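Overview (structure and organization)
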Amino acid sequence: MAESILSAPYFHNEEAAYAFVEARIWPHGPVCPHCGGVERNRPMGGKSTRIGTYKCYDCRKPFTVKIGTIFEKSHIPMRLWLQAIFLIASNKKGISSNQLHRTLGITLKSAWFMSHRIREAMREGNLPTFGSGGGTVEVDETFIGHDKTVKPKGQKKGRGYNHKNKVLSLVDRSTGRARSMVVDNLKASTLLPILQANIDREARIMTDEAGQYVHLRLHFRDHGFVRHGVGEYVSQEDKSKHTNTIEGFFSIFKRGMKGVYQHCGHHHLNRYLAEFDFRYNNRLALGVNDTERADILLRGVTGKRLTYQTTAR
Ligand SMILES: [Zn+2]
């Protein structure tokens with residue numbers, strides 16, 4: 001029988017947890033975050049020294065691997081961070097702060113804080129343009145929750161989609177990757193610059209028949225669409241014309257948001273999107289298992305802390 005992943009020492013022992021994180025963030029040995037020194041960093045011993053503390057003999061300052069990462073200024077033990085990262089990375093629908101609070105035995109406030117920072121580490125910067133080399137990109141939008149920043153304008157409450165959060169997603173069929181973002185509205189003039197910034201002009205775009213996509217043929221190599229309004233999900237004359245891949249992505253996202261993250265405000269939605277994009281882009285079908293996914297997440301913890309500041313509740 002294979003050994004349980006949960007029995008790994010880095011989930012239980014603080015030294016092992018630090019060593020595990022250091023091996024990923026400093027693959028070539030410790031780097032001083034104060035002066036960038038790599039040559040003269042030595043572990044600090046002594047009973048009163050915190051685990052994982054090094055001293056840089058270039059600038060004479062102490063440091064740990066937490067500086068400049070999502071772990072900075074957190075008093076939560078590293079082994080619990082690793083447990084939380086594994087749980088969030090391995091659950092297809094995500095995991096609520098409440099569940100994290102109960103499973104890890106930490107306060108709800110700590111659980112909430114950790115899950116937001118971990119989500120920040122899942123944010124993928126600078127992904128290559130979708131559909132490069134003439135690939136196919138499916139584009140669709142979905143509505144989620146209630147956008148309280150939108151005031152109903154003479155319109156009866158609950159009618160239409162105006163008061164809902166609007167999410168635009170793209171899926172590159174060749175790479176199997178998704179990218180999602182919150183948009184203010186679904187006007188062609190709003191969506192086109194976003195699509196142009198994220199999709200190669202040589203790409204073939206697939207959408208449904210919605211009016212905002214009608215002119216895409218002018219801006220990309222090709223545009224195919226299916227008429228969902230009349231029950232067409234795959235074009236009869238060309239079976240490659242469909243948006244089934246992105247529908248599949250949305251169904252995972254919606255089940256996760258409904259089941260786990262019931263109360264998601266407009267300003268947090270981009271973080272949840274980053275989380276669902278991340279898991280989808282590192283899913284088993286693309287050859288990434290749970291442990292590898294947690295590892296990839298862990299490598300994303302650096303350089304994210306400064307963008308985190310707006311998550312205070
Ligand atoms: Zn230094």
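Predicted, not measured: the structure shown is a model, and the values here were computed from it.

Re the overall build of the protein chain
Scanning the protein chain from terminus to terminus reveals eight helices and eight strands. For the protein chain, the proportion of its 313 residues judged to be buried stands at 34%. Partitioning the intrachain contacts of the protein chain with sequence separation of at least 6 by distance along the chain shows that 59% fall at a separation of at least 24.

Points about the sheet that holds strand E4 (residues 136–144)
One key point about sheets: their strands pair by backbone hydrogen bonds, in either a parallel or an antiparallel sense. In spatial order, the strands read E6-E5-E4-E7-E8; together these five strands make up an open sheet with mixed pairing. With one partner strand each, in any of the chains shown, strand E6 (177–183) and strand E8 (222–226) form the two edges of the open sheet. When strand polarity is set aside, the average angle formed by the axes of neighbouring strands in this sheet is 25°. When strand E5 (residues 165–172) meets E6, the two strands line up antiparallel, connected through seven bridges. The partner of leucine 170 across the bridge, within E6, is arginine 179. Strand contacts of helix H5 (residues 188–198): E4, E5 and E6, with the helix running at about 150° to E6, the strand carrying the most contacts. In the packing of helix H7 (residues 269–281) onto the sheet, contacts are made with E5 and E6, and the angle to E6 comes to roughly 170°.

Side note on the packing of helix H2 (residues 78–90) against helix H4 (residues 108–122)
Between H2 and H4, the shortest axis-to-axis distance is 10 Å and the interhelical angle comes to 65°. Of the two elements, H2 crosses H4, and the hand of that crossing is right-handed. For the pair H2 and H4, the contacting residues are Trp81, Ala84, Ile85 and Ile88 in the first and Met114, Ser115 and Ile118 in the second.

Some remarks on the domain arrangement of the protein chain
Per the domain assignment, the segments making up the protein chain are domain 1 (7–125) and domain 2 (136–264). Computed over C-alpha atoms, the centres of domain 1 and domain 2 are 37 Å apart. The residue makeup of the side of domain 1 that touches domain 2, split by class, is one nonpolar, two polar and two charged.

Observations concerning the sheet that holds strand E2 (residues 54–56)
Taken in spatial order, the three strands line up as E1-E2-E3 in an open sheet, and their pairing is antiparallel. Two strands lie at the open edges of the sheet, namely strand E1 (41–43) and strand E3 (62–63), each paired on one side alone.

Remarks on H7
Given a rise of 1.5 Å per residue, 13 residues ought to cover 18 Å, and the 18 Å separating the end C-alpha atoms of H7 matches this to within 8%. Within H7, eleven of the 13 residues are buried, leaving the element largely enclosed by the surrounding structure. Within the sequence span of H7, burial applies to Leu269, Arg271, Tyr272, Leu273, Glu275, Phe276, Asp277, Phe278, Arg279, Tyr280 and Asn281. Those residues of H7 that are buried are in contact with H4, E5, E6 and helix H6 (244–259).

Here's the deal with H2
With 13 residues, H2 should cover 18 Å at 1.5 Å per step; its first-to-last C-alpha distance of 18 Å lies within 8% of that length. Of all 13 residues making up H2, twelve are buried, and the element is well covered by its neighbours. All of the buried residues along H2 are Met78, Arg79, Leu80, Trp81, Leu82, Gln83, Ala84, Ile85, Phe86, Leu87, Ile88 and Ala89. Check the buried side of H2 and you find it contacts helix H1 (14–25), helix H3 (97–104), H4 and helix H8 (290–299).

What to know about the packing of H3 against H4
To characterise two packed helices, one gives the angle between the axes of the helices and the distance between these axes. Contact pair H3 / H4: the axes reach a minimum separation of 8 Å and the direction vectors enclose 120°. In terms of orientation, H3 lies oblique with respect to H4. Crossing hand, H3 versus H4: right-handed. Contacts between H3 and H4 involve Ser97, Asn98, Leu100, His101 and Leu104 from the first element and Leu108, Ala111, Trp112, Met114 and Ser115 from the second. Here the residues of the contact of H3 with H4 sort into six nonpolar, four polar and no charged.

Describing the pairing of strand E7 (residues 204–208)
Along a regular strand, successive side chains alternate from one face of the sheet to the other. Burial analysis of E7 places five of its five residues in the buried class, which makes it a mostly covered element. Neither face of E7 is open: one carries Arg204, Met206 and Asp208, the other Ile205 and Thr207, and all of them are buried.

Thresholds, definitions, all that
- Residues numbered from 1 in each chain as written.
- Predicted model: local features only at pLDDT ≥ 70, side-chain atom pairs only at ≥ 80, totals over all residues.
- Helix = DSSP H or I, 4+ residues; strand = E, 2+ residues; numbered from the N terminus.
- Buried ≥ 20, exposed ≤ 12 C-beta atoms within 10 Å, placed from the backbone.
- Contact = placed C-beta atoms within 7 Å.
- Pairing = 2+ DSSP bridges.
- Axes fitted to C-alpha atoms, helices over the stretch in contact; angles between N-to-C directions.
- Left-handed = near helix turned anticlockwise from the far one by under 90°.
- Domains from an automatic or database assignment.
- Nonpolar A, V, L, I, M, F, W, Y, C, P; charged D, E, K, R; others polar.
- Expected span 1.5 Å × (residues − 1).
- Parallel < 35°, antiparallel > 145°, perpendicular 65-115°, else oblique.

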